[in-house]
Amino acid sequence: MDDSTPPPPAPPADSLPPPPPPPTMTGSPTDFLKGVVGKRVVVRLTSGVDYRGLLSCLDGYMNIALEQTEEHVNGLVTNRYGDAFIRGNNVLYISAAEPL
């Protein structure tokens, strides 16, 4: 190609390949739980109440210790606690409240 040859035209926008899928987390639930210790989490109880705070520690029965805890009922903050201990049989799930 010499300097007098124009560049080829760009392909139309609709023929571009689709963007890559968003990254997905892989690993076991144990890996996830180890990764969120010391981070902000949301703990949903079987009653539907959410507790949000720093995950201090947890055990094999899913007993949970949270720091700087807020209790949320129907999306509204109803209480604030310094430390909270949640018995594992009440836990529906634990979710990361910040990017990992």
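Everything discussed here concerns the structure shown above.
What you see is a predicted model, and the numbers here were worked out from it, not measured in a lab. (Residues numbered from 1 in each chain as written. Predicted model: local features only at pLDDT ≥ 70, side-chain atom pairs only at ≥ 80, totals over all residues. Heavy atoms only, no water.)

A.B. asks: What is the right way to read the sheet that holds strand E5 (residues 91-96) from this model?
C.D. replies: In a beta sheet, neighbouring strands pair by backbone hydrogen bonds and run either parallel or antiparallel. Across the sheet, five strands lie side by side as E4-E3-E2-E1-E5; this open sheet has antiparallel pairing. Across the chains shown, the open sheet's two edge strands, defined by having one partner strand only, are strand E4 (76-86) and E5. Neighbour-to-neighbour, the strand axes of the sheet open up by a mean angle of 25°, direction not taken into account. Bridge count for strand E1 (residues 40-45) against E5 is five bridges, and the pairing is antiparallel. Note on E5: the bridge partner recorded for Val-41 is Ala-96. (Pairing = 2+ DSSP bridges. Helix = DSSP H or I, 4+ residues; strand = E, 2+ residues; numbered from the N terminus. Axes fitted to C-alpha atoms, helices over the stretch in contact; angles between N-to-C directions.)

A.B. asks: So what exactly am I meant to see when it comes to the nonpolar core here?
C.D. replies: One broad trend across soluble globular proteins is that nonpolar side chains are buried collectively. Grouped together as the largest cluster of nonpolar side chains are 13 residues, with contacts concentrated most on Val-41, Val-43, Ile-64, Leu-66, Ile-86 and Ile-94. Put simply, the parts of the chain that give this core at least two residues each are helix H1 (29-36), E1, strand E2 (50-58), strand E3 (64-73) and E5. Looking at this core element by element, the count peaks at three residues for E1. In contact with Ile-86, not counting residues within four places along its chain, are Val-43, Leu-45, Tyr-51, Met-62, Asn-63, Ile-64, Leu-66 and Val-91. (Core = buried A, V, L, I, M, F, W, Y, C linked by side-chain atoms within 4.5 Å. Buried < 20%, exposed > 50% of the residue type's maximum accessible area, 1.4 Å probe, protein only. Contact = heavy atoms within 4.5 Å.)

A.B. asks: Hey, could you run me through the pattern of salt bridges in this one?
C.D. replies: Close approach of charged atoms allows side chains with opposite charge to pair. Considering all chains together, one arrives at three salt bridges under this definition. One salt bridge in this structure joins Arg-44 and Asp-50, with 2.3 Å as the shortest N-O distance. Relative accessible area serves as the criterion here: at 8%, Asp-50 is assigned to the buried category. (Salt bridge = Lys/Arg side-chain N within 4 Å of Asp/Glu carboxyl O.)

Take it as geometry only, folks, not as evidence of what the structure does.
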